[in-house]
Every structure is written in structure tokens, then in C-alpha cells.
Amino acid sequence: MNNKLSLKNINVKYGESIALKSINLDIYKGEFVVLLGSSGAGKSTLLRTINQLNPLTSGELDFFDLGKIRNKKDLQNLRKKTGMIFQQHQLIERNTVFQNVLTGRLGFHSLFRSILPLPKFDQELALDCIDRVSLLDKALVKVKELSGGQQQRVGIARALAQNPSLILADEPIASLDPKTSHQVLSMLKDICKKDNISALTSLHQVDFAKEYGDRIIGLSHGKIVFNGKSDQLSDEILKNIYSSSPITEEANFTSNEVVMV
Amino acid sequence: MDKFKRILEVERRTWKKQFFRVLIILIFVFSSLAVVGLFDFERISTGIPAVLKLLPEMFPPDFSRAGTWFKPLIDSLAMSIAGTSISVFLSLLLCFFAARNTTINPIVYNLATLILNVTRAVPELILGIILVAMIGFGALPGTLALGLHSVGMLGKFYAEAIELCDKEPIEAARASGASDLQVIVHSILPQIFPAMADVTFYRWEYNFRASMVVGAVGAGGIGLEIISALRIMDYAQVSALLIVVLVVVTVLDSMSNYLRKSVSE
């Protein structure tokens, strides 16, 4: 029984420019990890490398029970077990909440089967997810008629409908106000804790990261420069994370040094 | 679960409605196919021998008169370019009146859309015949026929692009004190330019092909050559002409693709 996701020596290059450099990272079952870093540090790339929306140049992924990701089939299984939440929520605005959340079930059915209404199991699961983000009364409302916070909750419900082992959230609160941000993040964290889902969430706000992250990863210029609990996150380290010039010193953190929560 | 029941019920009804809509469309599609005789297998099967008889007559293509096709080909190209520019000019004048968000009043709006509908409704072939009768044979009536008929489509697409414009930049231009005309030139045109270029180049391509149709009724160009060869049943020459047209159309297609790409970047 493998209880963690391991990234081993991951490198990502776009042409000549290096987006991620020798990333080593473990994320344990049920852990809520927050990713910090300035724009362009590689936060999105790291998230999208895990489900390989961005191809990785070299390195190895070891995904919970699936083990090493070797081929297309493994990748498809990894994606089925990985829910993704986007900054711009990436929903079909003219479809209803229910229809959008049901797309989280697509990976579990063939094309032909998915043209017909999905089985009752999937429909009830989708509604259950909608209920958990407190939007059941909006289930038949078109997404474009919802507020930003509600739309992001639909995004969470869609990710949840996959019954995921892992949720990747790419700046899920970047376009929300502080109050709604708290709502969305605490909802996300509660659900992850209850279902023992691991989460990797990139954020812009340090205070949010400190409040919600079981662990914080600091990313700068494609490298991990901090990996630890929030109370270890000193001003010095923050300066390092958000430094604009490429760091010359090799930062050495391995997941073994991290105390599990 | 009880609290889900109502939602599942509504969803099921929506799906059924959707299903019947698709079914009705399919009924229309298949009855149309039946009306035109596509399911008349007997007739289709008797047509096959005729095709088999005609095809060998088209081979090998006869290029012996190719030297005399140069001028008509240039005529056809000129017709398509001139016709398209006439329609672009007229469409630009009309489209702002035919778009709900830029028109000046409902009467003008309806008048403009009426003009667009009429020009679209009269096929270029009919326009060609009328214009040939009015001003005689040659490339001029063909060009006018293409230009007038194209206004219907170009003007409508331009107007639709205007209606789909983002309102925010328009509001911003207005807020900075721009006049209505300045808003059109500096806020709407930049937004619709890629879409306009897209349909315009597509229409140019279409007009080259249409120039052969109007050519057939005496409006000049390579179409006249094709119809003349057909009349004397010189199928070898017809196939040679069709090959020439195919080459030109392919060149035009890649050219307009290239232009479209470079404009929308």
C-alpha cells in the first residue's frame, strides 16, 4: 500500500528555458500542501506536470497505489484519480451546475456511454458533491448565473465527483475577495480532510498559506527553496521565495526532513 | 435519496426533450434525403453506367487550347477580386446600420437588414443573367453580380461581428470622451477586424468559384470556356479546364489561409 505521491528528480524545459529543476517532493495521503512562489516561479508548471497537462522533460512520478507512471494507460488512471481546480474555474458557462459536475465522471465511461445519460450511481454521486459544496438548490442553474465564489465551488464539486486521491488547485482563490476566499479554501480543506484526499494548492497570499497549509512548499525560479511547516516560514525564507534574482546557492531540502502532521 | 429526486426528475425530462429534438431533426434530414431521391436505388444504379461511359471520354485531358485560357483566367481572377472589393465597400457602409448595437433607429435597422436579405436572396446566376441583359456580355456584369450578391453575406457577418463586440472597451472609449464615430473607428473596428478579414478572404475564394458560374451565362471568364466546351461535348477539354481551375483554387486557398493567419495575429 503506497500512501504517498512522489516526484523524483523532475525536470521541465520549455525549449531552452528551464521551468522546473530537479524537483523532489513527497505528498502524503490526506495532506493539504500549499505551493508558494512569485509569478513565473513554476507553480502552475509543477501542478500541471503532476497530471502531465505539461509533459515532463525527465524524472519520475510515483502515484499512490498506481505506482510508477510508465505509459499512457497509467497516466489516464492517474488523471482519473486526480481532480483539478483552476483559477478561472474552466466550467462550461452555458451548462448547468449539474451538467458541469457530471463531466467529472467522464473518465469513467466510454464515449458512446457518455452520450447517453450517465448511470444513476454517477448522477447521485455528482449531486452529493454539489450538496457538499452547498449548491444543491442551484444544481439546475446555469453556471454563468452564479457568483465567482459559487463557480469555484462548482469547480470543487467537479473535482470531487472523480472520487480523487489527489486534488490539484491552481490559484483557486486568485480572483475572489478575501471573505469568499476563506469560504472556498476552508470548504476545500474540510472536504479533503474528511475524505482523506491529498491536495496541492498554489496560492499568492502568504497568510492564507500559513493558515490552511499543513505544509508549505516555496518555489523560486523552478526550484524548491522551502519545504516545511508554516511556523518555520520566516521572513528571511519568504524573501528568498519571492526574490527576483535567480538564487545562486543550491537549496537542499528533502522530504525526509519534514515532520508529518 | 429523496432530496435528489426532483433534480434527477427534471434532468431526465430535459434529456428526453433534447432526445426528441434530435429525433425531429433526423426525421427532417431523412425525409429530405428521400424527397430528392437519394433512396431511389434503381435510378442511382442506372446512373452508374452513364458515368462509366462519360469518364473515359474525359481522359486524357486535352490541353491543346491551353494558350487561349490565359486571358479568361485572368478575367476570372480580376472578377473575383473586383467583385469582392465592391461587396466589402458596400458591406462596410451597411453593416453598422444592420447591427443592433450601432444602428441609429429601428427603421434604418430594418431597412439595412432588408437590403442584406434581398441581395442574399437573389442568386448570382440570376443577377448575372439580368445584368448581362442590361449591359451586355463581358466581365463587368459578372463582377457586379458577384459584388451585389456577396453584400448579403458579408454585410450580415460584419453586422454579427459588431453585435458580438465586447462592450467594455466601447464603454471605456466613450468614458474618455470619444464621439460615436470615433468609438466605431477606434473601439469597434479593431475588435471585429480579424473576423471581417476571415469572412472576406473566404468570400474571395467563393467568388472565384462563383465567377465560373456567372461566366457560363455570358459574363466572361474561364466559366465561359467551360460551358463552351461542354456545349460541343468536348469532355477531354472540359476535364483539362477543370484541372486548371482546381490548381488555381488550391493556390487561392493556401494564399487566403496565409493572409487570414497573418491578419489575425
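Residues numbered from 1 in each chain as written. Chains lettered and ligands numbered in written order. Predicted model: local features only at pLDDT ≥ 70, side-chain atom pairs only at ≥ 80, totals over all residues. Heavy atoms only, no water.

### Brief notes about the sheet that holds strand 9 (residues 215-220) of chain A
Residue and element names in this part refer to chain A. Ordered in space as 6-7-8-3-9-10, the 6 strands form an open sheet in which the pairing is mixed. The sheet is open, and its two borders are formed by strand 6 (82-85) and strand 10 (223-228), each paired with just one other strand. Ignoring strand direction, the axes of neighbouring strands in this sheet form an average angle of 15°. Here strand 7 (residues 166-170) pairs with strand 8 (residues 198-202) via 5 bridges, running parallel. Opposite leucine 166, over in strand 8, you have serine 198 as the bridge partner. (Pairing = 2+ DSSP bridges. Helix = DSSP H or I, 4+ residues; strand = E, 2+ residues; numbered from the N terminus. Axes fitted to C-alpha atoms, helices over the stretch in contact; angles between N-to-C directions.)

### A closer look at the confidence of the model for chain B
Mean pLDDT over chain B works out to 89, with 99% of the residues at or above the 70 mark. Across chain B, helix 4 (residues 106-121) of chain B holds the top mean pLDDT of 94, while helix 2 (residues 41-57) of chain B sits lowest at 83. (pLDDT = per-residue confidence, 0-100.)

### What to know about the packing of helix 6 (residues 148-160) of chain A against helix 7 (residues 178-195) of chain A
Residues and elements named next belong to chain A. Running from amino to carboxyl end, helix 6 crosses helix 7 at an angle of 15°, the nearest separation of the two axes being 10 Å. In terms of orientation, helix 6 and helix 7 fall into the roughly parallel class. Helix 6 and helix 7 meet at a crossing whose hand is right-handed. Residues Gly149, Gln152, Arg153, Ile156 and Leu160 of helix 6 touch helix 7, and the partners they reach there are Thr180, Gln183, Val184, Met187, Leu188 and Ile191. Along the lines of polarity and charge, the residues of the contact of helix 6 with helix 7 split into 6 nonpolar, 4 polar and 1 charged. (Parallel < 35°, antiparallel > 145°, perpendicular 65-115°, else oblique. Left-handed = near helix turned anticlockwise from the far one by under 90°. Contact = heavy atoms within 4.5 Å. Nonpolar A, V, L, I, M, F, W, Y, C, P; charged D, E, K, R; others polar.)

### What to know about the nonpolar core
Ranked by internal contacts, the top residues of the largest apolar core, which has 51 residues, are Phe98, Val101, Leu127, Ile130, Ile167 and Leu188 of chain A. Among the elements that make up this core, the one with the highest residue count is helix 7 of chain A (6 residues). (Core = buried A, V, L, I, M, F, W, Y, C linked by side-chain atoms within 4.5 Å. Buried < 20%, exposed > 50% of the residue type's maximum accessible area, 1.4 Å probe, protein only.)

### A few points about the pattern of salt bridges
Residue and element names in this part refer to chain B. The full count for this structure, using the stated rule, is 17 salt bridges over all chains. Glutamate 9 is the salt-bridge partner of arginine 12, the closest N and O atoms lying 3.1 Å from each other. With a gap of 3 residues between them, arginine 12 and glutamate 9 both fall in helix 1 (residues 2-35), about one helical turn apart. For glutamate 9, a relative accessible area of 34% corresponds to the partly exposed category. (Salt bridge = Lys/Arg side-chain N within 4 Å of Asp/Glu carboxyl O.)

### Some remarks on the sheet that holds strand 2 (residues 17-28) of chain A
Residue and element names in this part refer to chain A. Taken in spatial order, the 4 strands make up an open sheet running 2-1-4-5, and their pairing is antiparallel. Each end of this open sheet is capped by a strand with a single partner; those strands are strand 2 and strand 5 (67-68). Of the pairings in the sheet, the one linking strand 4 (residues 58-63) to strand 5 comprises 2 bridges and is antiparallel in character. The residue bridging aspartate 62 from the neighbouring strand is lysine 68, located in strand 5. This element, helix 1 (residues 43-50), spans strand 1 (4-14), strand 2 and strand 4 of the sheet and lies at about 120° to strand 1.

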